[in-house]
Amino acid sequence: MSTTVIVIIAVVLVLLALALVTGVILAKRRRVSLTDTEKKAVEDRPKYQAGGAISLAPAKPALPEHPVADRTEVDGQPGVGDDASVPRDSEKREIVDIPLPDAVETAPEPAAEPEPELDEIEPTSGRLERLRGKLARSRSGFGQGLLGLLGAGDLDEDSWTEVEDTLLLADLGSATTNDIIEKLRSELTARGVRTPEQARAVLREVLVGALHPEMDRAVRALPHVNGDAKKPAVVLVAGVNGTGKTTTTGKLARVLVADGRTVLLGAADTFRAAAAEQLATWASRVGAEVVRGKEGADPAAVAFDAVKRGAETSVDAVLVDTAGRLHTKTGLMDELGKVKRVVEKQAEIDEVLLVLDATTGQNGLTQARVFREVVDVTGIVLTKLDGTAKGGIVFQVQRELGVPVKLVGLGEGPDDLAPFEPGAFVDALLG
Ligand SMILES: Nc1nc2c(ncn2[C@@H]2O[C@H](COP(=O)(O)OP(=O)(O)OP(=O)(O)O)[C@@H](O)[C@H]2O)c(=O)[nH]1
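Residues numbered from 1 in each chain as written. Predicted model: local features only at pLDDT ≥ 70, side-chain atom pairs only at ≥ 80, totals over all residues. Heavy atoms only, no water.

- Looking up the protein chain in an unreviewed UniProt entry gives the name Signal recognition particle receptor FtsY, with the organism given as Kibdelosporangium banguiense.
- In UniProt, the protein chain has this text filed under Sequence similarities (unreviewed entry): "Belongs to the GTP-binding SRP family. FtsY subfamily."
- We quote the UniProt Function (unreviewed entry) comment for the protein chain here in full: "Involved in targeting and insertion of nascent membrane proteins into the cytoplasmic membrane. Acts as a receptor for the complex formed by the signal recognition particle (SRP) and the ribosome-nascent chain (RNC)." (UniProt positions renumbered as here; feature names shortened; annotations may be inferred.)

Right, dumping it as structure tokens:
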């Protein structure tokens, strides 16, 4: 090998060694060295722990508002999270006429309930005399027939048979009829009656006597007063439906109001919704309060509430219209008996008026017997006497029940209820 070649190889080796040393020095200079604080910060960073629980974040966090103001692009192109904008070439909506709804009419203010007009009530005294015309049918069949027979002078047996028939036809019943004939015979003979006027006087006396004028016919509807304390009188109005119970309760309320009394009506006839409605109308016409239950409610509960309310409001009388749609004795016992028992838990019952329809004759009597077994009937109201020629039922009812007829219904008018006075009644029959 020549010396030149050896020199060239030596130079190349020296150059390579120099390049290597320079590279090592530069690499050492670029290395980042951490200060002590920096080293600590790196050590303190939370480390991933494979065995830890998954940290839970609150559910569905509210998305931060899109920073529209920060957006750099303002050329209408959607940004991240924006809705795509409507393409510029999309169809534009024309202006269209939309029919406006009619102006809403504001409902007029409900007119204030007009104060119910209170009725003027006919005075209660002398009503039977005023209503005597209503007994026209009874008068022609009964009174005039008898007067015609008796006023004719001495009566033979046929005439007496005719008298008997007249009395029976007028529904006096056989027992009362026999009594009356016996009395008439003896009195006419004993007094030596000769003229129609005398005959009339005897007939009147005998008929009035048969009606037991001595019976107490006052309706016990005035309050119990004890010093300053006052408790209302409680009157139950009972009877089979359709006899005129509700009407009578309403008419009786008018009688009391006309007398300056305050009344409360209890609509315990809950079988017929219209009955409560009917009673409410009667009540409003005299400015009385009415206590009613829902249709089908327990009549005893309504009666109880009515009496309770009457005591709270300190009225003079509570009149309870009871249910009467009970054809079986057991049903009636249960229902009316319960009404009575329940009411008596808080107040004494002062009067139980049994309403009988005079036009039903013997049927009315059968009903009366059943009612008498259920409640202590203290008085009878005989309704529809204006519509029958059988006014004689008055005699029979009293005799059968031993209870006085206290009131009579002589029409559908609100004041067509009269106290029963034997003398005035007989006068009305005889004309
Ligand atoms: N002519 C006449 N009709 C009467 C008399 N009393 C009641 N009425 C009529 O008899 C019908 C029945 O009367 P209401 O009072 O509804 O009889 P009710 O017994 O209460 O019957 P319910 O309500 O069904 O229980 C009505 O049309 C009354 O106007 C009366 O003295 N004379």
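## With respect to the nonpolar core
Looking at soluble globular proteins, one finds that nonpolar side chains tend to be buried together.
Then, in step 1: Ranked by size, the top nonpolar core spans 76 residues in total, and within it Leu150, Val163, Ile380, Leu382, Leu385, Val408 and Phe425 carry the most contacts.
Then, in step 2: Three or more residues apiece are contributed to this core by two domains, here domain 1 (127–210) and domain 2 (224–377).
Then, in step 3: Every residue in contact with Val163, bar those within four places of it in the chain, is listed here: Leu146, Leu149, Leu150, Leu155 and Ile181.
Then, in step 4: Core analysis: the next-biggest nonpolar cluster, separate from the first, contains 23 residues, Ala253, Ala276, Val381 and Leu407 among them. (Core = buried A, V, L, I, M, F, W, Y, C linked by side-chain atoms within 4.5 Å. Buried < 20%, exposed > 50% of the residue type's maximum accessible area, 1.4 Å probe, protein only. Domains from an automatic or database assignment. Contact = heavy atoms within 4.5 Å.)

## What about the packing of helix α5 (residues 157–169) against helix α6 (residues 174–190)?
Then, in step 1: Two numbers describe how α5 lies on α6: the axes approach to 9 Å, and their chain directions differ by 140 degrees. Considering their axes alone, α5 and α6 lie oblique with respect to each other. Along this stretch, α5 crosses α6, giving a crossing that reads as right-handed. When α5 is examined against α6, the residues Glu157, Trp160, Val163, Glu164, Leu167 and Leu168 are found in contact with a partner set consisting of Ser174, Thr177, Asn178, Ile180, Ile181, Leu184, Arg185 and Leu188.
Then, in step 2: Tallied by class, the residues present in the contact of α5 with α6 amount to eight nonpolar, three polar and three charged. (Axes fitted to C-alpha atoms, helices over the stretch in contact; angles between N-to-C directions. Helix = DSSP H or I, 4+ residues; strand = E, 2+ residues; numbered from the N terminus. Parallel < 35°, antiparallel > 145°, perpendicular 65-115°, else oblique. Left-handed = near helix turned anticlockwise from the far one by under 90°. Nonpolar A, V, L, I, M, F, W, Y, C, P; charged D, E, K, R; others polar.)

## Considerations on the pairing of strand β9 (residues 405–409)
Then, in step 1: The element β9 is largely enclosed, with a buried count of five among its five residues.
Then, in step 2: In this fold, strand β8 (residues 379–383) hands off to helix α13 (residues 393–401), which returns the chain to β9; that crossover is right-handed.
Then, in step 3: Here β9 runs beside strand β10 (residues 417–419); their pairing, made up of three bridges, is antiparallel. Pairing of Leu407 across the sheet is with Pro419, part of β10. (Right-handed = clockwise from strand over helix to strand, strands pointing away. Pairing = 2+ DSSP bridges.)

## Some words on a nonpolar patch on the surface
Then, in step 1: There is a patch of nonpolar side chains on the surface, built from Val5, Ile8, Ile9, Val12, Leu13 and Leu16 and spanning about 540 Å² of accessible area.
Then, in step 2: Along the polypeptide, Val5 turns up in helix α1 (residues 3–30). (Patch = residues over 30% accessible without salt bridge, like charges linked within 9 Å, V, L, I, M, F, W, Y side chains within 5 Å. Areas by Shrake-Rupley, 256 points an atom, 1.4 Å probe, with all protein chains shown as cover. Salt bridge = Lys/Arg side-chain N within 4 Å of Asp/Glu carboxyl O.)

## A look at the site of the ligand
Then, in step 1: Neighbouring the ligand are 20 residues; Thr246, Thr247, Arg272, Asp386 and Glu412 lie closest to it.
Then, in step 2: The separation between an oxygen atom of the ligand and a polar side-chain atom of Thr246 is 2.6 Å.
Then, in step 3: One nitrogen or oxygen atom from the side chain of Thr247 is found 2.4 Å from an oxygen atom belonging to the ligand.
Then, in step 4: A total of 640 Å² of accessible area belongs to the ligand in isolation, and the protein chains cover 82% of it.
Then, in step 5: When residues of the shell around the ligand are traced back to their parent elements, those giving at least two are α8 (245–258) and α9 (273–285).
Then, in step 6: For the shell around the ligand, the element with the most residues is α8, which contributes four residues.
Then, in step 7: Classifying every residue of the shell around the ligand by side-chain character gives three nonpolar, ten polar and seven charged. (Near = heavy atom within 4 Å. Polar contact = N/O pair within 3.5 Å; in protein donor to acceptor, adjacent residues only side chain to side chain.)

## Here's the deal with the side chain of Thr388
Then, in step 1: For Thr388, the location among the structural elements is in the loop between β8 and α13.
Then, in step 2: Look at Thr388 and you get buried, because its relative accessible area is 5%.
Then, in step 3: A distance of 2.8 Å separates the side chain of Thr388 from the backbone nitrogen of Lys390, its partner in a polar contact.

## A few points about the pattern of salt bridges
Then, in step 1: Within this structure, the stated rule accounts for 20 salt bridges.
Then, in step 2: The salt bridge partner of Glu289 is Arg309, with a shortest N-O separation of 2.8 Å. Remark: Arg309 occurs in helix α10 (residues 299–312) and Glu289 occurs in strand β5 (residues 289–292); sequence separation between them is 20 residues.
Then, in step 3: Of the residues examined, Arg309 reaches a relative accessible area of 31% and is grouped as partly exposed.
Then, in step 4: Among the ionic pairs, Lys406 bridges to Glu351, the shortest N-O distance being 2.9 Å. Highlighted residues: Lys406 in strand β9 and Glu351 in strand β7 (residues 351–357), separated in sequence by 55 residues. An identical accessibility class is assigned to Lys406 and Glu351; each is buried.

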